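# Report on the structure
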Amino acid sequence: MVSAKAPPRWREPATRAVFALIGIVVFLALWQVLAARIDTSLGRLPGPVQVAQQVQVLGGEWQAERERAQAFEERLAQTNARRLAADPNAEPIRAAYTGAPTFVSQVGTSLLTVATGFVLATLVAVPLGIVSGLSSGVYAALNPIIQVLRPISPLAWLPIVTLVVSALYVSPDPMLAKSFVISALTVMLCCLWPTLINTTIGVASVPHELTQLTRVLRLPWLTRVRRVVLPSAVPMVFAGMRVSLGIGWMVLIATEMLAQNPGLGKFVWDEFQNGSSQSLARILVGVVTIGLLGFLLDRLMLSAQRLVSWDKNAVLR
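Computed from a prediction, not measured in an experiment: that's the story for all the values here.

## So, the layout of surface pockets
- The computed volume of the largest pocket comes to approximately 390 Å³.
- Forming the walls of the largest pocket are 14 residues, and the residues nearest its centre are Leu28, Trp31, Val288, Thr289 and Leu292.
- Sorting the residues of the lining of the largest pocket by element identifies α1 (11-35), α2 (48-86) and α10 (279-308) as the ones contributing at least two each.
- Residue contributions to the lining of the largest pocket peak at 5 residues, all from α2.
- Class assignment for the residues of the lining of the largest pocket results in 13 nonpolar, 1 polar and no charged.

Okay, structure coming up:
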């Protein structure tokens, strides 16, 4: 009996790519058709064509702002050169360009903020989850606190974080802007819980035989965690981290809109308040960018999970 020939390895990814492309084309076509039928107080709802045109406009604004910044730095360098030529002991003028933030710069601000909050949350949640998963006493002590704090909305945390940071972060020349600290800490507070809970469950789910073997071999606690516990718990830990990063991204946009902190959320809110004929298309550019960046952040976490996972044949989506 002749066995069936296995399909080429490239066929499944190619099939998925074709279906993804079909889905995107259908979605864009529906968007374009339905948008033409919707009139709002800011005009007709833009379709993908109008949004793509506005992307070009925003890119031109970013390029023009870069050129103005470069011209400012050149003028400042020329002024300092003249001052030093006239007086070698003169102090050079130090000034930073303070132009209006562009869409691209606000994207960078949001990415830096969410990365900071997510890393801080991970540094707290993963070690705490390991200890909680290994010790039933620690878990019993922490679980009520976690279950009470976990459902709190980020919009409820924001005023508390703002007041605390304003009271404690009073340096006359701060290294980080106060708005950045407020946004990052708010993201951290909302990112903690999925990673903490999943790490606890993952560590507690390590097969009993493995933990018993480590005791028989009298392995040090850190060696046991590094060689046995963490490799077994990696899928659950990264599942929690992926959820945390997605939550942190959503929380950040809401925080920027509510607190008017620099970033994508503020860009969307400012355009809504502006109310010009192009505002709706620019808002949709911001919305689409938020979605695409959220997708890319999730894919980044998935790639990191594949890199550190011991089971390279596991199906991760």
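## Quick notes on the nonpolar core
- Ranked by internal contacts, the top residues of the largest apolar core, which has 52 residues, are Phe103, Val114, Trp249 and Leu264.
- Where this core is concerned, the elements lending two or more residues are α1, α2, α3 (103-134), α5 (154-168), α6 (178-204), α8 (221-259), α9 (264-274) and α10.
- With 13 residues, α8 is the largest single contributor of residues to this core.
- Apart from the residues within four sequence positions on either side, Trp249 is in contact with Ser110, Leu111, Val114, Leu264, Ile290, Leu293, Gly294 and Leu297.

## Thoughts on the state of the cysteines
- On inspection of all chains with the given rule, the structure shows 0 disulfides.
- Distance from the sulfur of Cys190, which forms no disulfide, to the nearest cysteine sulfur (Cys191) is 7.3 Å.
- Taking relative accessible area as the criterion, Cys190 reaches 7% and is therefore assigned buried.
- You can call Cys191 buried: its relative accessible area is 1%.

## Overview of the environment of Gly275
- In this fold, Gly275 is placed in the loop between α9 and α10.
- Overall, Gly275 belongs to the partly exposed group, its relative accessible area being 37%.
- Sequence separation of Gly275 and Val228 is 47 residues, and the distance between their C-alpha atoms is 58 Å.

## Structural notes on the packing of aromatic side chains
- Following the criterion strictly, the structure yields 3 aromatic pairs and no others.
- Centre to centre, the rings of Phe27 and Trp31 are 6.1 Å apart; their planes meet at 45°, and the pair counts as tilted. Within this pair, Phe27 and its partner Trp31 are both found in helix α1, separated by 4 residues, close to a single helical turn.

## Focus on the pattern of salt bridges
- With the rule as written, the count across this model stands at 8 salt bridges.
- Asp39 serves as the salt-bridge partner of Arg44, at 3.3 Å between the closest nitrogen and oxygen.
- For Arg44, a relative accessible area of 53% translates into the label exposed.
- Here Arg94 makes a salt bridge to Glu91, at a shortest N to O gap of 4.0 Å. Judged on exposure class, the residue Arg94 and its partner Glu91 are both exposed.
- Among the ionic contacts, a cluster of salt bridges with common partners joins Glu61, Glu271 and Arg282.

Rules of the game
Residues numbered from 1 in each chain as written. Predicted model: local features only at pLDDT ≥ 70, side-chain atom pairs only at ≥ 80, totals over all residues. Heavy atoms only, no water. 1 Å grid on protein atoms, 1.4 Å probe; cavity = no way out; pocket = protein on both sides within 12 Å on 5 of 7 lines; lining within 4 Å. Points joined across faces, edges and corners; volume = space filled by probe spheres on them. Helix = DSSP H or I, 4+ residues; strand = E, 2+ residues; numbered from the N terminus. Nonpolar A, V, L, I, M, F, W, Y, C, P; charged D, E, K, R; others polar. Core = buried A, V, L, I, M, F, W, Y, C linked by side-chain atoms within 4.5 Å. Buried < 20%, exposed > 50% of the residue type's maximum accessible area, 1.4 Å probe, protein only. Contact = heavy atoms within 4.5 Å. Disulfide = S-S within 2.5 Å. Phe/Tyr/Trp six-rings, centres within 6.5 Å; stacked < 30°, edge-to-face > 60°. Salt bridge = Lys/Arg side-chain N within 4 Å of Asp/Glu carboxyl O.

Keep in mind that these numbers describe shape and distance, not what the molecule does.
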